[in-house]
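Residue strings, one per chain:
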Amino acid sequence: MAYSILSCTSLPANTYEQSPQQAGGKFRNAAPREAPGFAKTMAIMWRFMTDKPADAVPAQPPQVLPLTQADLLKAPDLSLWRLGHSTMLLKLQGQFWLTDPVFSERASPFSFMGPKRFHAPPIAIDELPPITGVVLSHDHYDHLDHAAILQLAPKVAHFVTPLGVGDRLIAWGVPAAKVQQFDWWQGTTIAGVKLVATPAQHFSGRTLSDGNLTLWASWMIQAGEGADATRIFFSGDTGYFDGFKAIGERFGPFDLAMIETGAYDAQWPDVHMQPEESLQAHLDVKGRHLMPIHNGTFDLALHAWTDPFDRITALAEKAGVPLVAPVMGERLDIRQPALSKQWWKR
């Protein structure tokens, strides 16, 4: 059961005191996150300005396979298309679902500055068929795109979010009746698809003054019931923590685990995983096929743009884990996906 939805024009502090994840009006991780502080934040910003590798951005746009609405409608059930970064389009029970839809040119509050896309989305929002549900992991700009949400809203039946993120949508004008918000381990079933918000190790906020007023989450997504059920894990953004084992024990095994692998650095270990940790998270949740996400679209760190793909490929091969890294726009069979062809090396 979801917490009640507040029809608000701004984010109220201390709205969800009943949540075990909240204290003093703000959400928190199960294990305390080390705040970077002013000096460390300035040092990180200096590195971003002066220490970027030349290959942090691809020399030419990565390969993209254009999609049409006709392609989507004729595709079989249990199909998945990666549209970029953490934006996935899934066809489940004959209906369409989106995760963290970001279609704007920049993952930024500004149209003229901030991380710019490496590639165009494989399909425009106007071309998408009706969407049964949008699943959101948290409110950072590379996961919650204001312009995309407003453009999507008329064709989306349900927005499923962690606590507080739905309040943002309602404040932006999304009808409250379309929004459901959940704490960790809470969920719902819509059109034969079961969704449960599961823990993550991260943080939230879109301005300097609204830090951690909304919750962050990973998601368990299940299509169907019983022996024929298909289970998918969507990590959202997260550092490595013991919550993955709890998720695996409760909901594993997963046919496909979409695990954050990108935008990492030793200076922010609490909120993004190194590829070695991404592999361990996949094992912890009892994933079958590993799909690295949160890469290939935006420059959000200090590593080469291909580094997440190269490192997780080598690690997965050594561990005997089947790796799925599709070209943007390529259709995947969720139950039997084609393995990686290392398209980023072209």
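Heads up: the structure comes first, above all this text.
Conventions used here
- Residues numbered from 1 in each chain as written.
- Predicted model: local features only at pLDDT ≥ 70, side-chain atom pairs only at ≥ 80, totals over all residues.
- Heavy atoms only, no water.
- Salt bridge = Lys/Arg side-chain N within 4 Å of Asp/Glu carboxyl O.
- Buried < 20%, exposed > 50% of the residue type's maximum accessible area, 1.4 Å probe, protein only.
- Helix = DSSP H or I, 4+ residues; strand = E, 2+ residues; numbered from the N terminus.
- Contact = heavy atoms within 4.5 Å.
- Polar contact = N/O pair within 3.5 Å; in protein donor to acceptor, adjacent residues only side chain to side chain.
- Axes fitted to C-alpha atoms, helices over the stretch in contact; angles between N-to-C directions.
- Parallel < 35°, antiparallel > 145°, perpendicular 65-115°, else oblique.
- Left-handed = near helix turned anticlockwise from the far one by under 90°.
- Phe/Tyr/Trp six-rings, centres within 6.5 Å; stacked < 30°, edge-to-face > 60°.
- Lys NZ or Arg CZ within 6 Å of the ring centre and 35° of its normal.
- Pairing = 2+ DSSP bridges.
- Right-handed = clockwise from strand over helix to strand, strands pointing away.

**What to know about the pattern of salt bridges**
- This structure, assessed with the given rule, holds eight salt bridges.
- Taken together, the shared-partner salt bridges connect Asp139, Arg168 and Asp210 into one network.

**Observations concerning helix H6 (residues 275-284)**
- All of the buried residues in H6 are Pro275, Ser278, Leu279, Ala281, His282 and Asp284.
- The inward-facing, buried residues of H6 abut helix H5 (243-251), strand E13 (254-260), strand E14 (287-293) and helix H7 (307-319).
- Trailing H6 by a residue or two, lysine 286 shows a phi angle of about 65°, which is positive.

**Quick look at the side chain of aspartate 265**
- Secondary-structure assignment places aspartate 265 in the loop between E13 and H6.
- A relative accessible area of 12% means that aspartate 265 is categorised as buried.
- Here glutamine 267 takes part through its backbone nitrogen, which lies 2.9 Å from a polar atom of the side chain of aspartate 265.

**Topic: the packing of H6 against H7**
- With their axes 9 Å apart at the nearest point, H6 and H7 run at an angle of 45° to one another. Between H6 and H7, the angle is such that the two are oblique. For the element pair H6 and H7, the recorded crossing hand is right-handed. Residues Pro275, Glu276, Ser278 and Leu279 of H6 form the contact with H7, whose own contacting residues are Arg311, Ile312, Leu315, Ala316 and Ala319.

**Observations regarding the packing of aromatic side chains**
- One pass over the structure, following the stated rule, counts 14 aromatic pairs.
- Ring geometry for phenylalanine 241 and phenylalanine 244: centres 5.1 Å apart, planes at 65°, overall edge-to-face.
- Here the aromatic rings of phenylalanine 309 and tryptophan 344 are separated by 4.7 Å at their centres, their planes lie at 20°, and the arrangement is stacked. Note that phenylalanine 309 is positioned in helix H7 and tryptophan 344 in the segment after strand E15 (331-333), a separation of 35 residues in sequence. The same class applies to phenylalanine 309 and to tryptophan 344, which are both buried.
- Within the aromatic cluster, the residues linked to one another by ring pairs are Phe118, Trp305, Phe309, Trp343 and Trp344.
- Positioned above the aromatic ring of tyrosine 141 is the side chain of arginine 206, whose terminal nitrogen or guanidinium carbon lies 4.0 Å from the ring centre.

**Looking at the pairing of E13**
- Of all seven residues in E13, seven are buried; the element is thus mostly enclosed.
- Pairing between strand E12 (residues 230-234) and E13: three bridges, direction parallel. For isoleucine 232, the partnering residue across the bridge sits in E13 and is leucine 256.
- In this structure, E13 lies alongside E14, joined through six bridges in parallel fashion. Bridged to glutamate 260 within E14 is isoleucine 293.
- On the question of chirality, the crossover connecting E13 to the parallel E14 by way of H6 is right-handed.

**Section: the sheet that holds strand E3 (residues 79-84)**
- Strand order in the open sheet formed by seven strands is E8-E7-E6-E5-E4-E3-E15, with mixed pairing between adjacent strands. Two strands close off the open sheet at either side, each with one partner strand: strand E8 (179-182) and E15. Shown here is a sheet whose adjacent strand axes are inclined to one another by a mean of 20°, direction ignored.
- Looking at chain direction, strand E5 (residues 95-99) and strand E6 (residues 131-135) are connected through three bridges and run parallel. Bridge pairing in E6 links leucine 98 to valine 134.
- Sitting on the sheet, helix H4 (residues 165-172) touches strand E7 (156-162) and E8, and the angle it makes with E7 is about 135°.

**Let's talk about unusual backbone geometry**
- Looking along the chain, the bond that leaves glycine 252 and enters proline 253 is cis, with omega of 0°.
- By secondary structure assignment, the location of proline 253 is in the loop between H5 and E13.
- Notably, aspartate 100 is not glycine yet its phi reads approximately 35°, a positive angle.
- For aspartate 100, a relative accessible area of 0% translates into the label buried.
- The backbone of histidine 294 shows a phi angle near 70°, a positive value even though the residue is not glycine.
- Along the chain, histidine 294 falls in the loop between E14 and H7.
- A relative accessible area of 3% places histidine 294 in the buried class.

**Thoughts on the pairing of E12**
- The buried count for E12 comes to four of five residues, which makes it a mostly enclosed element.
- Both strand E11 (residues 218-223) and E12 contribute to a ladder of five bridges, which runs antiparallel. When the bridges of E12 are listed, isoleucine 221 appears paired with isoleucine 232.
- On the question of chirality, the crossover connecting E12 to the parallel E13 by way of H5 is right-handed.

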